[in-house]
There are 2 protein chains.
Amino acid sequence: MPGDILKVDNFLNHAIDVPFILEMGREIANLYAKTNVNKILTIETSGIPIAFAAAQVMGIPMVFVKKNKSGNISDDVYSASVTSFTKKNTYDAVVSKEFLASGDRVLVIDDFLAKGNALNGLMDIIRQAGAELVGCAIAIEKGFQGGGDELRARGIRVESLAIVDSMTDTALTFRKQSM
Amino acid sequence: MPGDILKVDNFLNHAIDVPFILEMGREIANLYAKTNVNKILTIETSGIPIAFAAAQVMGIPMVFVKKNKSGNISDDVYSASVTSFTKKNTYDAVVSKEFLASGDRVLVIDDFLAKGNALNGLMDIIRQAGAELVGCAIAIEKGFQGGGDELRARGIRVESLAIVDSMTDTALTFRKQSM
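Residues numbered from 1 in each chain as written. Chains lettered and ligands numbered in written order. Predicted model: local features only at pLDDT ≥ 70, side-chain atom pairs only at ≥ 80, totals over all residues.

Once that is clear, we can look at the relation of the copies chain B and chain A. With an RMSD of 0.0 Å, the operation that places chain B on chain A is a rotation of 180° combined with a shift of 0.0 Å along the axis. These values place the two chain copies in the arrangement generated by a two-fold rotation axis. Of the residues that chain B buries at the interface, 100% are likewise interface residues in chain A, meaning the two copies contact each other through the same surface. (Least-squares fit on C-alpha atoms with pLDDT ≥ 70 in both. Contact = placed C-beta atoms within 7 Å.)

Here's what the structure looks like:
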């Protein structure tokens, strides 16, 4: 669609293809096996089903970060300002301090990765909590927008189930990955 | 909390207790066994994990209705204006026409039921689509706000996993239900 929008509302962010999302959860659990992740962090709304599926397979809890548009931030939350490159809006990502703590080994899950602005906000929140980022798992990375490779260049583990390296009105080109 | 707010963010709407939510999904599947429900409808955000869990157990797809605050409604969606009694805001509940159709037998799932405003909006959308409402499943009904009993009096099947009949600063009273 116009504006490099990839329409996925028939399985990922409006209608939910439950068996497919569960398969994504299993794949993420495989990728992060043997890492001692103890908590999954995602951000509302469309990351929630994938995070729920992965948390279920991995047997660990999940927390979804909230998008606060009011500008009022209370003392009992960690927060980070995020500007969405795709949606052209800005919000505060907030999580209650009681649900993220030093000692947590965190896997961040989201549906999309474009410029990486949401992930950078979540990583900022993880740092504020004194928790450890183990890595990120993404359903669809827009490789041509560079956010994922920038994070990898900084040494951050980013696993994307699909990386779209180019998109036109009629074709998607996926990056080959060894999995 | 003040304003009849029940704080459930440690398992239901911020941190997610995945095994407990899955148990809710199994209970909802039991309650609606033998009804030929073919689609679950919920509304973002906190209904999503419960709806996902129930859809997983029942082997049917789910759709989450979006909350549109922009006021711009396109032609390709069904929509209903909803005023949240608890959150004191108004939004348009919208669902793409491609994901709800006549012939669908719909189970509506949500985390909370207070006055029933969100459920009434979802039922309006189901009517617009020419689909059939089989019933509603709710995690927590605030019985003292009357929305659930009003819907039942209209002949609508409403199953709530817990009904809080009164709440004070120190105590919750649950309604006895035969299940």
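Counting from both sides, the interface comprises 21 residues of chain B and, opposite them, 21 residues of chain A. Contributing elements (two or more residues each) for the side of chain B that touches chain A: strand 1 (15–16), helix 1 (18–31), helix 2 (47–58) and strand 3 (62–68) of chain B. Considering every element that reaches the side of chain B that touches chain A, the biggest residue donor is helix 2 of chain B, with five residues. When its residues are assigned to classes, the side of chain B that touches chain A shows 13 nonpolar, four polar and four charged. Direction of pairing for strand 3 (residues 62–68) of chain A relative to strand 1 of chain B: antiparallel, over a ladder of two bridges. The residue of strand 1 of chain B that forms the bridge with Met62 of chain A is Ile16 of chain B. (Helix = DSSP H or I, 4+ residues; strand = E, 2+ residues; numbered from the N terminus. Nonpolar A, V, L, I, M, F, W, Y, C, P; charged D, E, K, R; others polar. Pairing = 2+ DSSP bridges.)

So, about the packing of helix 1 of chain B against helix 2 of chain B. Residue and element names in this part refer to chain B. Here helix 1 crosses helix 2 at 55°, and the two axes come no closer than 8 Å. With respect to their mutual orientation, helix 1 and helix 2 come out oblique. Judged by the sense of rotation from one axis to the other, the crossing of helix 1 with helix 2 is right-handed. Facing Ile21, Leu22, Met24, Gly25, Arg26, Ile28 and Ala29 of helix 1, the residues of helix 2 in contact are Pro49, Ile50, Ala53, Ala54, Gln56, Val57 and Met58. Residue composition of the contact of helix 1 with helix 2, by class: eleven nonpolar, two polar and one charged. (Axes fitted to C-alpha atoms, helices over the stretch in contact; angles between N-to-C directions. Parallel < 35°, antiparallel > 145°, perpendicular 65-115°, else oblique. Left-handed = near helix turned anticlockwise from the far one by under 90°.)

On to the nonpolar core. Formed by 114 residues in total, the largest nonpolar core has its most connected members in Ala51, Ala54 and Leu122 of chain A together with Ala51, Ala54 and Leu122 of chain B. When near neighbours in sequence (up to four residues on either side) are disregarded, Ala54 of chain B contacts Gly25, Ile28, Ala29, Ile40, Ile109 and Ala137 of chain B. (Core = buried A, V, L, I, M, F, W, Y, C linked by C-beta atoms within 7 Å. Buried ≥ 20, exposed ≤ 12 C-beta atoms within 10 Å, placed from the backbone.)

All right, on to the pairing of strand 4 (residues 77–83) of chain B then. All names here are of chain B. Where strand 4 lies against strand 5 (residues 90–96), seven bridges are found, and the strand directions are antiparallel. Residue pairing for strand 5: Ala80 is matched across the bridge by Ala93. In textbook terms, the turn of a hairpin is the stretch between consecutive antiparallel strands, and for strand 4 and strand 5 this stretch comprises six residues, one of which, Lys88, has a positive phi near 60°.

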